[in-house]
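So the chains spell out like this:
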Amino acid sequence: MSHKMSLVEKLYTEEVVSRIKDIDFEYGANVGPYVVELDPTASCDLACPGCISEDVIATGGRISNERLISLGNELVEAGVRGVILIGGGEPLLHPKIGHFMELLFENDVHIGITTNGTFIDKYLNIISKAAAWTRVSMDAGSDGLFNILRPSKKGGSQFK
């Protein structure tokens, strides 16, 4: 007979519970977040109609190279356990994202990535060793529909 896990059993993580128990709430201890979602860039190589981040992407901004690496060090020092690379743009477009992922990996900070997938080949080595998970947004079951929903800024598909 198999044991069905309850919701509490599924959500219970000893490391998280231990961390919460160690927080000194009464005296306002300076404790860093457990997981951080980071948007390293507001740039994207796709021109998806109806993009929810269209206004953000129009700015084309990004965290500077130096700031991204110093932020990585700050996250490590603060005891952050996970960083999710996501964004209003494509996180793998940042020129120092590979170095940033290496820094986190070397310091046992877990990485999750949400990407459109167009730059996975460029970072395949570091993603394969450092990312706990990678979510690629595809949104279509055929080439024709994908080209309509996720066209590149140059036209056509990035995956041909």
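I will try to describe carefully the structure that is included in this document. Since the structure is predicted, the reported quantities are computational estimates derived from the model, not experimental observations.

Some remarks on the sheet that holds strand β4 (residues 131-136)
Read across the open sheet, the four strands follow the order β1-β2-β3-β4; overall the sheet is parallel. The open sheet terminates on both sides in strands that have one partner only, identified here as β1 (35-38) and β4. Taken over all neighbouring pairs, the strand axes of this sheet differ in orientation by 15 degrees on average, direction set aside. Looking at chain direction, strand β3 (residues 110-115) and β4 are connected through five bridges and run parallel. Paired with Thr 114 across the strands is Arg 135, a residue of β4. Where helix α5 (residues 97-106) meets the sheet, its contacts fall on β1, β2 (82-85) and β3, and the angle it forms with β2 comes to roughly 160 degrees.

Details of helix α4 (residues 65-77)
Taking 1.5 Å of rise per residue, the 13 residues of α4 would be expected to cover 18 Å, and the 19 Å separating its terminal C-alpha atoms lies within 8% of that figure. Considered for burial, the residues of α4 that qualify are Leu 68, Ile 69, Leu 71, Gly 72 and Leu 75. Relative to the axis of α4, the buried residues are bounded by an arc of 155 degrees and lie together on one face. What points out from α4, more than 90 degrees from its buried face, is the exposed set Glu 66 and Glu 77. Tucked into the core, α4 has its buried residues touching β1, β2 and α5. Note on α4: the residue one or two positions beyond its end, Gly 79, has a positive phi of about 85 degrees.

Calculation rules
- Residues numbered from 1 in each chain as written.
- Predicted model: local features only at pLDDT ≥ 70, side-chain atom pairs only at ≥ 80, totals over all residues.
- Heavy atoms only, no water.
- Pairing = 2+ DSSP bridges.
- Helix = DSSP H or I, 4+ residues; strand = E, 2+ residues; numbered from the N terminus.
- Axes fitted to C-alpha atoms, helices over the stretch in contact; angles between N-to-C directions.
- Contact = heavy atoms within 4.5 Å.
- Expected span 1.5 Å × (residues − 1).
- Buried < 20%, exposed > 50% of the residue type's maximum accessible area, 1.4 Å probe, protein only.
- Arc of directions from axis to C-beta.

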